[in-house]
Amino acid sequence: MGDQEGGTRGPRCIALVGPFQSGKTTLLEAILARTGAIQRQGTVEAGTTVGDASKEARHHKMSVEVTVATTTFMGDSYTFIDCPGSVEFVHDMRAALPAIDAAVVVCEADERKVAQLQLVMRELEDLKIPRFLFLNKIDKADKQVRESLKLLQPASRVPLLLRQIPIWKNEIITGFVDLALERAFVYKEHAASEVINLEGDELNSEKDARFSMLETLADHDDELMEQLLADIPPPRDRVFDDLAKELRDGLVVPVLIGVATRTNGVLRLLKALRHEAPGIAATAKRLGVKPNGDAVATVLKTFHTTHGGKLSVARVLNGQIGDGVTLNSPSEEAGRVSGVAKMVGQSTEKRGPAAAGETVAFGKLDHARTGDTLSAGKQPHPAVAEVKPYPGVLAIAISAKERKDDVKLGLALNKLIEEDPSLTMFHNPETHEMVVWGQGEMHLRVATERLADRFGIAIERRRPTVGYRETIKKPIQQRGRHKKQSGGHGQFGDVVLDIKPLPRNAGFVFEEKITGGVVPRNYIPSVEEGVIDALKHGPLGFPVVDVAVALIDGSYHAVDSSDMAFRIAGRLGISEALPQCQPVLLEPIHMVEIACPSDASAKINAILSGRRGQILGFDTRAGWEGWDVVRAMMPETEIGDLIIEVRSATAGVGSFTFKFDHMAELTGKPAEQIVAAKRAAE
Ligand SMILES: Nc1nc2c(ncn2[C@@H]2O[C@H](COP(=O)(O)OP(=O)(O)O)[C@@H](O)[C@H]2O)c(=O)[nH]1
Ligand SMILES: [Mg+2]
């Protein structure tokens, strides 16, 4: 390790990821304090951390978006991206991952967190991102670290490689032994750990633990295996080289331990990152960016700040990008860089051009989106990664409390969606509702809070209207006659309609079967318009579908007939007929696919049955060991808040997608309630 303390190794970009509440934001704080970026280490409880500085994050005491903070360690620049752990905000993490050098997966030895840990690990495994596991909160450890790893191992496809073991004193962990360095340390609160000598039992357990670390490493290094078999102590450099290589190749997940709140284990973590995490050259190569081409950067987060306007947080993958450079995305011109800033949470500091490997905020790139690959040349660089947000699982209908805010609301929502595309909105032309889809209750709550806090728009929220329809069960023939004699010119239209139910999903069919010109040709389109008018609002209050209407007879008046008169006649015919045709309510049914860990499948089945779901079957989830996919047909009303129950049955990791399938009859009490509610609302 010749250059251990000397020479710089270039800027890094490291994500802090892992389950909810595992201590990522606290670890970032500890890193910033340890590296001197901040004077004093804040706490999540007191609301004094660099991370989670937004009003919404402080209020809920949880990360609701990424925090980006750049610091310096041993002469190199490090940008840390503290990612939210909650599945509802997972898109922010996923968008930040592709261009990082390595991830530190922060976790505690808690059985309930294993499923979430597995989700995070999968993302990293699929992207081939080297990852450390930082076993945090060991001040509260109640079991051997080896036991903890056994508990967590199922979350990772490759071995968790323990490279530090704790030193226990009176059932409390007071320090650790670094198995690669072969050195023991005693923790000091908020200060560097002190090196101590190991003796007796502790020395023996160090030897055992080191041997099992080396055995795992030797699975991918034949020479090391031979040395172990021959009882030759491998040189320390070789061990470090193997650790670095196997981390970078994704063959193992080295495990470090610590206490983020007390800054314990943080220095060793930083050193491991410095010596073992790959740098920009390897990361650019992984992303297919050539070192000799144009300047290239990728956007990992977009912020709309109150004072600084739009900021695109980007990592430069090649070349250098400074103020005034015009950048292109593969699809359009992204804009001209107006200001380059270093970020430490919410504070930004103007700086000069950013070089390859640095992660900075570019100002005012109007057309840059999160995930975009930006390049400075004439020919845009192909996208280095694509992160599609998961489709929404929970929706609310929102409107501005005051009409004057309507336009502002649309603009503000667009900004929120630009920051977080796992939020989507659409306007329902039938109900005129603005429907916002998100990843869960908290996600939507934070979105509405932001509308109030940042944009000053007071919001009303409701459950979105379900698209009920109605149809008829009995045929009928009905006359529709409109006659009015009010002084001079009268109005006259007269039609006979043959009305029949059609099979489900057949829609609406209009036919004319007029013989002998009893209704003149030119009035027939007006009759159809009148019919369509009446079908928009059936006797139960909903649009009428799956009916055939034939115009079979009628009469006219040479002077008094008109388009309008026949339109009214058509409308009257339908509205008088339908109540006699046994109208029935139709509700939308969707095909739902729920993905869940297999041990939760039984609970999921029960939830679906309890919500009038018709279970179609279940399979193992392709590519997801230990997971199932349950398929069911479910009424739209029951999908409304389904995600809440699914998450609570699956330690937060279950999810679903759905797609409209068909309309189905709904009768009895539930139907009566819906009709009554509709009447009351009208
Ligand atoms: N005892 C103990 N508590 C910790 C440690 N690290 C974080 N915490 C606490 O765990 C909670 C969640 O921490 P936070 O950093 O917000 O977790 P995040 O959701 O992963 O960002 C907070 O109450 C922290 O104070 C630790 O090492 N030991
Ligand atoms: Mg956090």
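Rules and cut-offs
Residues numbered from 1 in each chain as written. Chains lettered and ligands numbered in written order. Predicted model: local features only at pLDDT ≥ 70, side-chain atom pairs only at ≥ 80, totals over all residues. Heavy atoms only, no water. Helix = DSSP H or I, 4+ residues; strand = E, 2+ residues; numbered from the N terminus. Contact = heavy atoms within 4.5 Å. Areas by Shrake-Rupley, 256 points an atom, 1.4 Å probe, with all protein chains shown as cover. Lys, Arg positive; Asp, Glu negative; His and termini not counted. Charge placed at Lys NZ, Arg CZ, Asp CG, Glu CD. Salt bridge = Lys/Arg side-chain N within 4 Å of Asp/Glu carboxyl O. Buried < 20%, exposed > 50% of the residue type's maximum accessible area, 1.4 Å probe, protein only. Donors = N, O, S within 2.8 Å, 3.2 Å for Na, K, Ca; no water. Axes fitted to C-alpha atoms, helices over the stretch in contact; angles between N-to-C directions. Nonpolar A, V, L, I, M, F, W, Y, C, P; charged D, E, K, R; others polar. Pairing = 2+ DSSP bridges. Polar contact = N/O pair within 3.5 Å; in protein donor to acceptor, adjacent residues only side chain to side chain. Phe/Tyr/Trp six-rings, centres within 6.5 Å; stacked < 30°, edge-to-face > 60°. Expected span 1.5 Å × (residues − 1). Near = heavy atom within 4 Å.

**Concerning the overall build of the protein**
Thinking step 1. The helix and strand inventory of the protein stands at 18 helices and 34 strands.
Thinking step 2. Residue pairs at least 24 apart in sequence account for 73% of intrachain contacts in the protein once pairs closer than 6 positions are excluded.
Thinking step 3. Here the protein has roughly 30300 Å² of accessible surface; of this, 51% comes from carbon and sulfur atoms.
Thinking step 4. Looking at the protein, you have 83 positive and 92 negative side-chain charges, and the mean spots of the two groups are 4 Å apart.

**A word on the pattern of salt bridges**
Thinking step 1. One pass over the structure, following the stated rule, counts 49 salt bridges.
Thinking step 2. With a shortest N-O distance of 3.5 Å, E189 and R262 are connected by a salt bridge. Of this pair, E189 sits in the loop between β9 (183–188) and β10 (191–196) while R262 sits in the loop between β11 (253–257) and α9 (266–276), and the two are 73 residues apart along the sequence.
Thinking step 3. Residue classification places R262 among the partly exposed residues on the basis of a relative accessible area of 31%.
Thinking step 4. Measuring nitrogen to oxygen at the nearest pair gives 3.4 Å for the salt bridge that ties R238 to E223. Highlighted residues: R238 in helix α8 (residues 236–248) and E223 in helix α7 (residues 222–229), separated in sequence by 15 residues.
Thinking step 5. Using a relative accessible area of 25% as the deciding quantity, one classes R238 as partly exposed.
Thinking step 6. Looking at E223, the relative accessible area reads 43%, which means it is partly exposed.
Thinking step 7. Salt bridges sharing common partners tie together E529, D533, K536, R567 and R571.

**Details of unusual backbone geometry**
Thinking step 1. For E171, which is not glycine, the phi dihedral falls at a positive 65 degrees.
Thinking step 2. For E182, which is not glycine, the phi torsion reads 55 degrees and is therefore positive.
Thinking step 3. Of note, E182 is situated in the loop between β8 (172–178) and β9.
Thinking step 4. You can call E182 partly exposed: its relative accessible area is 35%.

**A closer look at the coordination of the magnesium ion (ligand 2)**
Thinking step 1. Listed as protein donors to the magnesium ion (ligand 2) are T25 (OG1) and S63 (OG); their distances from the metal cover 2.1 Å. Of this pair, T25 sits in helix α1 (residues 24–34) while S63 sits in the loop between α2 (55–60) and β2 (67–73), and the two are 38 residues apart along the sequence. For the pair formed by T25 and S63, the shared burial category is buried.

**Structural notes on the environment of A447**
Thinking step 1. Topologically, A447 is positioned in helix α12 (residues 441–455).
Thinking step 2. A C-alpha to C-alpha distance of 14 Å links A447 and H91, two positions 356 residues apart in sequence.

**Examining the packing of helix α6 (residues 200–218) against α7**
Thinking step 1. Close contact between α6 and α7 brings their axes to 8 Å; oriented N to C, the two are set at 140 degrees. Where α6 abuts α7, its residues F211, L214, E215, L217 and A218 lie against D222, L224, M225 and L228.
Thinking step 2. Considered class by class, the residues forming the contact of α6 with α7 number 7 nonpolar, no polar and 2 charged.

**Description of the pairing of β2**
Each regular strand shows side chains that alternate between the opposite faces of the sheet.
Thinking step 1. In terms of burial, β2 is a largely internal element, 6 of the 7 residues being buried.
Thinking step 2. Inspection of the sheet shows β2 paired to strand β3 (residues 76–82) by 7 bridges, in the antiparallel sense. The residue of β3 that forms the bridge with T70 is T79.
Thinking step 3. Taking the residues between adjacent antiparallel strands as the criterion, β2 and β3 are bridged by 2 residues, where M74 takes a positive phi near 50 degrees.

**Description of the side chain of S63**
Thinking step 1. Residue classification places S63 among the buried residues on the basis of a relative accessible area of 9%.
Thinking step 2. A distance of 3.0 Å separates polar atoms of two side chains, one belonging to S63 and the other to T25.
Thinking step 3. Polar side-chain contacts of S63 include one of 2.6 Å to the side chain of D52.
Thinking step 4. In contact with S63, not counting residues within four places along its chain, are T25, D52, D82, P84 and F89.

**Overview of the packing of aromatic side chains**
Thinking step 1. Taken as a whole and assessed by the stated rule, the structure comprises 9 aromatic pairs.
Thinking step 2. Between Y78 and F80, the aromatic rings sit 6.1 Å apart at their centres with planes inclined by 10 degrees, giving stacked as the arrangement. The pair Y78 / F80 is uniform in exposure class, with both members buried.
Thinking step 3. Ring pairing ties together the aromatic residues F73, Y78 and F80, which thus form one cluster.

**Regarding helix α11 (residues 406–419)**
Thinking step 1. Between its terminal C-alpha atoms α11 stretches 20 Å, which fits the 20 Å expected from 14 residues at 1.5 Å a residue.
Thinking step 2. Inspection of α11 places L409, G410, A412, L413, L416, I417 and E419 among the buried residues, and these make up the whole buried set.

**Things to note about the site of ligand 1**
Thinking step 1. Neighbouring residues of ligand 1: 17 residues in total, closest Q21, G23, K24, T26 and E45.
Thinking step 2. Between ligand 1 and Q21 there is a distance of 2.7 Å, counted from an oxygen atom to a backbone nitrogen or oxygen.
Thinking step 3. K137 places a side-chain nitrogen or oxygen 3.0 Å from an oxygen atom of ligand 1.
Thinking step 4. Here ligand 1, which alone exposes 570 Å², has 89% of that area covered by the protein.
Thinking step 5. Among the residues making up the shell around ligand 1, the classes are represented as 5 nonpolar, 7 polar and 5 charged.

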